[in-house]
Amino acid sequence: MLQFLLRRTFGAVVILFLISASTFFMFFAIPQDPALLACGKNCTPDALEIIHKNLGLDKPVPVQFYEYMVGIFAGRDFSVGHCSAPCFGVSFDNQQMVWDTIIDRLPLTFSLSIGGILVFLTVGLGAGMLAAWKKGTAVDKVFSGGSLVLSSLQIYFLGPVVLGIFVYSTGLLDKPEYVPFSESPTGWFMGLLIPWLVMSVIFTANYTRMSRSTMIEQLQEEHVRAARAKGMSGRFVFFRYAWRGSLIPIVTILGMDLGALFGGAMVTELTFGLAGIGRLARDSVIDKDLPLTMGVMVFSAALILLFNIIVDAVYAIIDPRVRLS
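Residues numbered from 1 in each chain as written. Predicted model: local features only at pLDDT ≥ 70, side-chain atom pairs only at ≥ 80, totals over all residues. Heavy atoms only, no water.

A.B. asks: Could you clarify how one ought to interpret the pattern of salt bridges in this entry?
C.D. replies: Pairs can form between side chains of opposite charge whenever their charged atoms are close. Throughout the structure, instances matching the rule amount to four salt bridges. A salt bridge links Lys59 to Glu67, with the shortest nitrogen-to-oxygen separation between them at 2.7 Å. Here Arg76 makes a salt bridge to Glu67, at a shortest N to O gap of 3.6 Å. Judged by relative accessible area, Arg76 falls into the buried class, the value being 16%. Among the charged side chains, a network of salt bridges with common partners joins Lys59, Glu67 and Arg76. (Salt bridge = Lys/Arg side-chain N within 4 Å of Asp/Glu carboxyl O. Buried < 20%, exposed > 50% of the residue type's maximum accessible area, 1.4 Å probe, protein only.)

Dropping the structure here:
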């Protein structure tokens, strides 16, 4: 297991390096000078030259990339001050440290993502298990048919519809906003309830169908039939043997869905006007703010790779037949 995790970690580092390099060098293929953003409307040649020097843009691109990568592990010095590791540079737009900006926006996106996972796993797996338990009945048909309908919906369409019905027309729910959990747990929950539900709709539908199919398949396995033949109750066999086996492919798919979930969180932020990493990524691309764009991409990719490594480890724990060397 340890060797497997070390290999996966090494592979993740290589992927992060390739993402950083490709983003960095593609950015400089853009004809516009990034220093113009920091210089402002009334920019003079002298001011532009000073900005080039302060931001390190007067050096060759490979040298800039080398200093950027070193700064992530050892920190860097800028005209605005020292940037401690992990240093993703200084924003061209507001001259703020990129890492501080990301950390400031992270709680909202993290809350949105974790809440969405809990919703679609709880509802999706529960509905799928119930549909498999009641296979062929009206309950099974309702859940199966409903999942097909919900999987066709999109966040940017469903979000305004839900807002119009439950916020502006009936006033049953509060308008989405982010309130730190430390300030008000109730405000935190109610402010993100609609985004959680909207973001998790597509995932809930997919996991309902997946959970149902894998559970039905597990119920036909020989070890499950043997347990029934030994006189064990149907409920015990369902949860002790079939349910655990059905989690294996679901955990695998969850690892691959983490990237889509993070992307869904970003789209949800833009749909509901929430100032998280999603809006930060959009604004950095529009403003051609390389350090901010790089910081968001590398940080997001690192999180996704970390979650995938964790999922691989959990996969081995759930299925004792798996031996990872």
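A.B. asks: Teacher, can you tell me more about the packing of helix H5 (residues 98–133) against helix H11 (residues 277–286) here?
C.D. replies: The description of two helices packed together rests on the angle between their axes and the distance between the axes. Orientation of H5 relative to H11, taken along the N-to-C sense of each, is 135°, at an axis distance of 8 Å. In terms of orientation, H5 and H11 fall into the oblique class. Two secondary-structure elements touch here, H5 through Thr101, Ile102, Arg105, Leu106 and Thr109 and H11 through Ile277, Gly278, Arg279 and Leu280. Class assignment for the residues of the contact of H5 with H11 results in four nonpolar, three polar and two charged. (Axes fitted to C-alpha atoms, helices over the stretch in contact; angles between N-to-C directions. Helix = DSSP H or I, 4+ residues; strand = E, 2+ residues; numbered from the N terminus. Parallel < 35°, antiparallel > 145°, perpendicular 65-115°, else oblique. Contact = heavy atoms within 4.5 Å. Nonpolar A, V, L, I, M, F, W, Y, C, P; charged D, E, K, R; others polar.)

A.B. asks: Explain the state of the cysteines here, please?
C.D. replies: The term disulfide refers to a covalent linkage connecting the sulfur atoms of a pair of cysteines. Per the stated rule, a full pass over the model turns up one disulfide. Note on cysteine connectivity: Cys83 is disulfide-linked to Cys87, with sulfurs 2.2 Å apart. On the S-S bond that ties Cys83 to Cys87, the torsion sits near 115°, and the link is right-handed. In this pair, the class of Cys83 matches that of Cys87, namely buried. (Disulfide = S-S within 2.5 Å.)

A.B. asks: What's the story with a nonpolar patch on the surface in this structure? I'm lost.
C.D. replies: A grouping of Tyr156, Phe157, Val161, Ile165, Phe166, Leu172 and Val267 is seen on the molecular surface, where their side chains present a nonpolar patch of about 670 Å² in accessible area. Element by element, the count of residues in the nonpolar patch is highest for helix H7 (residues 155–169), at five residues. Relative to the elements of secondary structure, Phe166 occurs in helix H7. (Patch = residues over 30% accessible without salt bridge, like charges linked within 9 Å, V, L, I, M, F, W, Y side chains within 5 Å. Areas by Shrake-Rupley, 256 points an atom, 1.4 Å probe, with all protein chains shown as cover.)

A.B. asks: Explain H5 here, please?
C.D. replies: Since the α-helix turns once every 3.6 residues, residues separated by three or four places project in the same direction. Taking 1.5 Å of rise per residue, 36 residues should cover 52 Å, and H5 covers 50 Å from first to last C-alpha, within 8% of that figure. Largest kink in H5: about 40°, centred on Leu106, with the proline Pro107 one to four residues after it. (Expected span 1.5 Å × (residues − 1). Bend = angle between axes of the 7 residues up to and from the residue.)

A.B. asks: I keep staring at the nonpolar core and nothing clicks. Help me out?
C.D. replies: Nonpolar side chains in soluble globular proteins generally cluster together in the buried interior. Core analysis: the biggest nonpolar cluster contains 33 residues, and Phe120, Leu121, Ile194, Val198, Tyr207 and Leu261 have the highest contact counts within it. For this core, the elements supplying multiple residues, two or more each, are H5, H7, helix H8 (185–219) and helix H10 (234–272). Broken down by element, this core gets its largest block of residues, ten residues, from H8. If sequence neighbours within four positions are ignored, Ile194 has contacts with Val162, Leu163, Val167, Leu173, Asp174, Pro176 and Phe272. (Core = buried A, V, L, I, M, F, W, Y, C linked by side-chain atoms within 4.5 Å.)

A.B. asks: Could you clarify how one ought to interpret the side chain of Ser111 in this entry?
C.D. replies: Its location among the elements puts Ser111 in helix H5. A polar atom in the side chain of Ser111 sits 3.1 Å from the side chain of Trp188. Those residues within four positions of Ser111 in sequence are excluded, and the remaining contacts are Tyr178, Trp188, Leu192 and Trp196. (Polar contact = N/O pair within 3.5 Å; in protein donor to acceptor, adjacent residues only side chain to side chain.)

A.B. asks: I'm lost on unusual backbone geometry in this one. Help?
C.D. replies: Of all residues except glycine, most have a negative phi; of all peptide bonds, most are trans. Cis geometry is found at the peptide bond from Ala85 to Pro86, where omega equals -5°. Checked against the element boundaries, Pro86 lands in the loop between strand E2 (81–83) and H5.

A.B. asks: Can you walk me through the packing of aromatic side chains in this structure?
C.D. replies: How two aromatic rings sit relative to each other is set out by the distance from centre to centre and by the angle between their planes. Overall, the coordinates contain twelve aromatic pairs when judged by the stated rule. Consider the rings of Phe24 and Phe25, whose centres lie 5.9 Å apart with planes at 75°: the pair is edge-to-face. Overall, Phe24 belongs to the buried group, its relative accessible area being 4%. Among the aromatic residues, ring-to-ring pairing joins Phe17, Phe24, Phe25, Phe65 and Tyr68 into one connected group. (Phe/Tyr/Trp six-rings, centres within 6.5 Å; stacked < 30°, edge-to-face > 60°.)

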